[in-house]
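# A look at the structure
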Amino acid sequence: METKTPKKPVAPRVDMPCQPAEVRRANFDEVALGYTREMAIEEAQRCLQCKKPLCVSGCPVEVPIRDFIREAAHGNMDAAYRIIKSTNSLPAVCGRVCPQEHQCEGKCVLRAKGQPVAIGRLERFVADTYIATTACEQVTGTDACALPRGDLKVACIGSGPSSLTCAGVCAAAGIKVDVYEALHEAGGVLIYGIPAFRLPKNVVATEIDGLRLAGVDFHLNSVGGRTVEVEELLETHHAVFIGVGAGLPMFLGVPGENLVGVFSANEYLTRVNLGRAYDFPNQDTPAFPGKNVTVFGAGNVAMDAARTALRMGAESVHIVYRRTRAEMPARLEELEHAEEEGVQFAMLSAPLRFNGDNEMRLTSVTLQKMELGEPDASGRRRPVAIEGEVFDLPTDLAVVALGTRSNPILLDATPKLKQNKWGYIEVNEETGETSIPNVFAGGDIVTGAATVILAMGAGRKAGQEIVKRLLG
Amino acid sequence: MPQQKGVEELQTVRHILCTNLSGQFDRKQAALIPGTFVRAGVPSLRKGEPMPTRILHKESLIPGKTSKLVLDAPEIARKGKPGHFVMLRMTPTGERIPLTIADTDAENGTITIVYLVMGKSTALLEALSVGDNVLDVCGPLGHPTHIEKKGTVICVGGGTGIAAMHHIAKGHARMGNKVVGVIGARSKDLLLFENELKSFVNELLISTDDGSYGHKGLVTELLRDRLEKDKSVFEVVAVGPVPMMAAVAETTRPFGVRTTVSLNPIMVDGIGMCGACRVSVGGKTKFACVDGPEFDGHEVDFPELRRRLAAYREQEKVSIDDYQRTAHGN
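Now for a description of the structure that goes with this document. Since the model is a prediction, treat every value here as computed from it, not as a measurement.

## Considering the overall build of chain B
The number of helices and strands found in chain B is 11 helices and 16 strands. Per-residue burial over chain B gives 55% buried out of 330 residues. A sequence separation of at least 24 residues applies to 63% of the contacts in chain B between residues at least 6 apart. Per element, the accessible surface of chain B, about 14900 Å² overall, is 54% carbon and sulfur.

## With respect to the overall build of chain A
Secondary structure summary: chain A contains 19 helices and 13 strands in total. Expected size for 472 residues packed as a compact globule is a radius of gyration near 23 Å; at 23 Å, chain A falls within 12% of this value. Dimensions of chain A along its principal axes, counting C-alpha atoms only, are 65 × 60 × 50 Å. Counting only residues that meet the buried cut, chain A has 63% of its 472 residues in that class. Taking the intrachain contacts of chain A between residues at least 6 apart in sequence as the baseline, contacts between residues at least 24 apart amount to 70%. Accessible surface for chain A amounts to roughly 17700 Å². Of this, 52% is attributable to carbon and sulfur atoms. In chain A, 50 side chains carry a positive charge and 58 a negative one; their mean positions are 5 Å apart.

## Structural notes on the sheet that holds strand S2 (residues 66-72) of chain B
All names here are of chain B. Strands sit in the order S6-S1-S2-S5-S4-S3-S7 across an open sheet of seven strands; the sheet is antiparallel. Strand pairing shows two members of the sheet lacking a second neighbour, strand S6 (133-134) and strand S7 (136-141), which therefore form its edges. As paired elements, strand S3 (residues 85-89) and S7 share four bridges and run antiparallel to each other. By the bridge assignment for S7, Leu 88 is matched with Val 137. On the sheet, helix H5 (residues 161-175) packs against strand S4 (97-105) and strand S5 (110-116) and is oriented at approximately 40 degrees with respect to S4.

## A look at the sheet that holds strand S9 (residues 178-185) of chain B
Residues and elements named next belong to chain B. Across the sheet, seven strands lie side by side as S11-S10-S9-S8-S12-S13-S16; this open sheet has mixed pairing. With one partner strand each, in any of the chains shown, strand S11 (215-216) and strand S16 (294-296) form the two edges of the open sheet. Along the sheet face, helix H8 (residues 242-252) touches strand S8 (152-158), strand S12 (233-239) and strand S13 (258-262) and points at about 165 degrees away from the line of S12.

## Focus: the packing of helix H5 (residues 77-85) of chain A against helix H8 (residues 119-129) of chain A
Residue and element names in this part refer to chain A. Between H5 and H8, whose axes approach to 9 Å, the crossing angle comes to 110 degrees. In terms of axis orientation, H5 runs roughly perpendicular to H8. Of the residues in H8, those touching H5 at Met 77, Ala 80, Tyr 81 and Ile 84 are Glu 123, Phe 125, Val 126, Ala 127 and Thr 129. The class makeup of the residues in the contact of H5 with H8 is seven nonpolar, one polar and one charged.

## A few points about helix H14 (residues 265-273) of chain A
Along an α-helix, a turn takes 3.6 residues, which lines up residues three or four apart on a common side. Residue and element names in this part refer to chain A. Among the nine residues of H14, nine are classified as buried, and the element is accordingly described as predominantly covered. Along H14, the residues that are buried comprise Ala 265, Asn 266, Glu 267, Tyr 268, Leu 269, Thr 270, Arg 271, Val 272 and Asn 273. Of the surrounding elements, those touching the buried residues of H14 are helix H11 (189-192), helix H12 (201-213), strand S5 (262-264), helix H15 (300-311) and strand S12 (397-400).

## What about the pattern of salt bridges?
Evaluated as defined, the whole model comprises 51 salt bridges over all chains. The salt bridge involving Lys 79 of chain B is made with Glu 232 of chain A; its shortest N-O contact spans 2.8 Å. In this pair, Lys 79 of chain B is assigned in helix H3 (residues 74-79) and Glu 232 of chain A in helix H13 (residues 230-236), connecting two distinct chains. A relative accessible area of 11% places Lys 79 of chain B in the buried class. When its relative accessible area of 27% is taken as the criterion, Glu 232 of chain A is described as partly exposed. Residues Lys 170 of chain B and Asp 103 of chain B are paired through a salt bridge, measuring 2.8 Å at the closest nitrogen-oxygen approach. Taken together, the residues Lys 170 of chain B in helix H5 and Asp 103 of chain B in strand S4 connect sequence positions 67 residues apart.

## Some details on the side chain of Glu 465 of chain A
Position of Glu 465 of chain A relative to the elements: it lies in helix H19 (residues 452-471). According to the relative accessible area criterion, Glu 465 of chain A is buried, its value standing at 12%.

## Points about the environment of Ser 187 of chain B
Residue and element names in this part refer to chain B. Topologically, Ser 187 is positioned in the loop between S9 and helix H6 (194-198). When neighbours within four sequence positions are excluded, Ser 187 is seen to be in contact with Thr 208, Asp 210 and Ser 212. At 2.5 Å, the side chain of Ser 187 forms a polar contact with the side chain of Asp 189.

## Remarks on the environment of Ala 205 of chain A
Residues and elements named next belong to chain A. Looking at the element boundaries, Ala 205 is found in helix H12. Residue class for Ala 205 comes out buried when judged on its relative accessible area of 1%. Each C-alpha atom, one on Ala 205 and one on Gly 457, is 20 Å from the other, the two residues being 252 residues apart in sequence.

Thresholds applied
- Residues numbered from 1 in each chain as written.
- Chains lettered and ligands numbered in written order.
- Predicted model: local features only at pLDDT ≥ 70, side-chain atom pairs only at ≥ 80, totals over all residues.
- Heavy atoms only, no water.
- Helix = DSSP H or I, 4+ residues; strand = E, 2+ residues; numbered from the N terminus.
- Buried < 20%, exposed > 50% of the residue type's maximum accessible area, 1.4 Å probe, protein only.
- Contact = heavy atoms within 4.5 Å.
- Areas by Shrake-Rupley, 256 points an atom, 1.4 Å probe, with all protein chains shown as cover.
- Rg over C-alpha atoms; globule rule 2.2 N^0.38 Å.
- Lys, Arg positive; Asp, Glu negative; His and termini not counted.
- Charge placed at Lys NZ, Arg CZ, Asp CG, Glu CD.
- Pairing = 2+ DSSP bridges.
- Axes fitted to C-alpha atoms, helices over the stretch in contact; angles between N-to-C directions.
- Parallel < 35°, antiparallel > 145°, perpendicular 65-115°, else oblique.
- Nonpolar A, V, L, I, M, F, W, Y, C, P; charged D, E, K, R; others polar.
- Salt bridge = Lys/Arg side-chain N within 4 Å of Asp/Glu carboxyl O.
- Polar contact = N/O pair within 3.5 Å; in protein donor to acceptor, adjacent residues only side chain to side chain.

Structural data, given as structure tokens:
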């Protein structure tokens, strides 16, 4: 593919100010402080404004990145916001949690020189700067307010990134949306999963408020498949979108995993995030106190759990991973932040068993030393046990962050919904429609655990299809 | 909700008033209508939702310790079956706790719950009166009890577990099974749901530790005695404190009678997301919220359950001490 090559040397990428590591490891305030206006304009001016912007092709919701950066470079943050909002319902969220290095920034031409345009930071700045004055603007990014169509109704089950996006697309077209959320707060993984130091909760609340004002009703404590069922919703709504997320946490399958002190990342993070356990006893939900914490896995959730444990007062936190740093699937920024804050890494180590005292409380984990062997089917070098190299790591709190399987509640209650061989919902790739007509699905319940932005892409696709069908 | 409808109408009127003939939003026109311009940035995740659940009836069963609440929850009442549970939260800073549904009335749209005051959350619940709201009630959750017509079933209940057992026993009675209820408590004044059970069970056997009422001793003694004499029993159901359920399972094991226990592990979400409620059943890990809460009592690892239930004992003490201090104004 032909791309524009920079002729003159490009200025270095503008760093984003952060709370100092030694300060932030003791609080739950946001780590990254965001650009100033001057920084944002300087960074935006680094963009080469490619004729064929490769960055856009790296974005699951196809934000017109080049165009919004052009506006930002000229200081037109409102115009930049409207451009982002034309395809992305949650820019303030995405600017913070997307793995940009694998998506837009990974495709940036400047990456060849080592420093792509900081697209995520710019998106965040633009979204944080813009203050919508009306609900219409908040949802659509434009002054144009769709005429509300009281006769058309869509139901979204779940209120995470995919459902919120689907709801936003429908609401922007004037369609009435009912969102059903099982927990007592809307936002799904943005609320229970991603910690406040990475995604402040008021950022999520603002996006949800915008949706609400644009005609989206949120019904909390409503479990899809229990309190509300797909078939029933189809009788009262023109279409149903299922975005219930993945669910059942996976464990390691080693002895001792039910000892007191071994938790899934979902539980540990839900207690701290949704339950605000960092403010116990002012908040009633406690988190298990751990002095020497071990975290198993090396994705974003593992980083979140490790950094949360530090903030909850742990003396040491180890991330245990059977490969090396290079293979870690976490977002680079999270990995670096974790290292700066003092998270330690036990690389090339695989757990064999958890050990406890006579009250079944966790005391240590037995680890097997590994080395990297031949590449496996995924192209990554397979970790192989080094015979005889086994050691114990003392730990009183272990967090298992290995991902999730599909949650059975809605699937069991809706037997007509066709599943794929992994137990996730099967959908039409083009439309997001399931085996039941006018029932759509997207996000982790279709793909298995993935990213916020991929879920949003699926919600957008389904939302657009619903709008097309209802409004023609 | 009439009030809700009013808000909707107002929003629609605003939308129409603010929209010019070509369907575009007119900012100047909108500025003339109060309340149309909304600034972003106010965190209010719950605003506008009439979620709370009203308490229609409250009956104190053991003063200060145990009460029966009838809640206005039509959705849950319509779908709730014996064995189901709900997750509750009392205040905006509160913790989610699971409680088994003790009864449902689909016609009147109510559910009944019974609780023992054990920590701060149940203390907060006990502080509520008729007309007050429970902030969050979510359900029905878990698998309902497996009920089939097969003969005689013995339903054993202990403590507040008697209330949940009563719902299961009622389901069996409605199915046409012969139901023998066995209930026990430390003393007569701590015995719950005797009259409710008597209204539908074929027989009700009662024991108290101190002998103040019924058989002096344990429910398991009554149970063993019955199993020895009555060979028509196809299932024993037990709901109550962990040691009681474990003892029931040991009592029935030699008789080879199917034994179902309803487990009460710690839960956070109650919808299969966190795995806090995992229990070992037959050597396999199960999630009580989505795989249970009822399991084969002969397969359950009760010692593990007991220890997992005690995981937060220190924090629970901090929480209740803190509550009692502040509740008494000190």
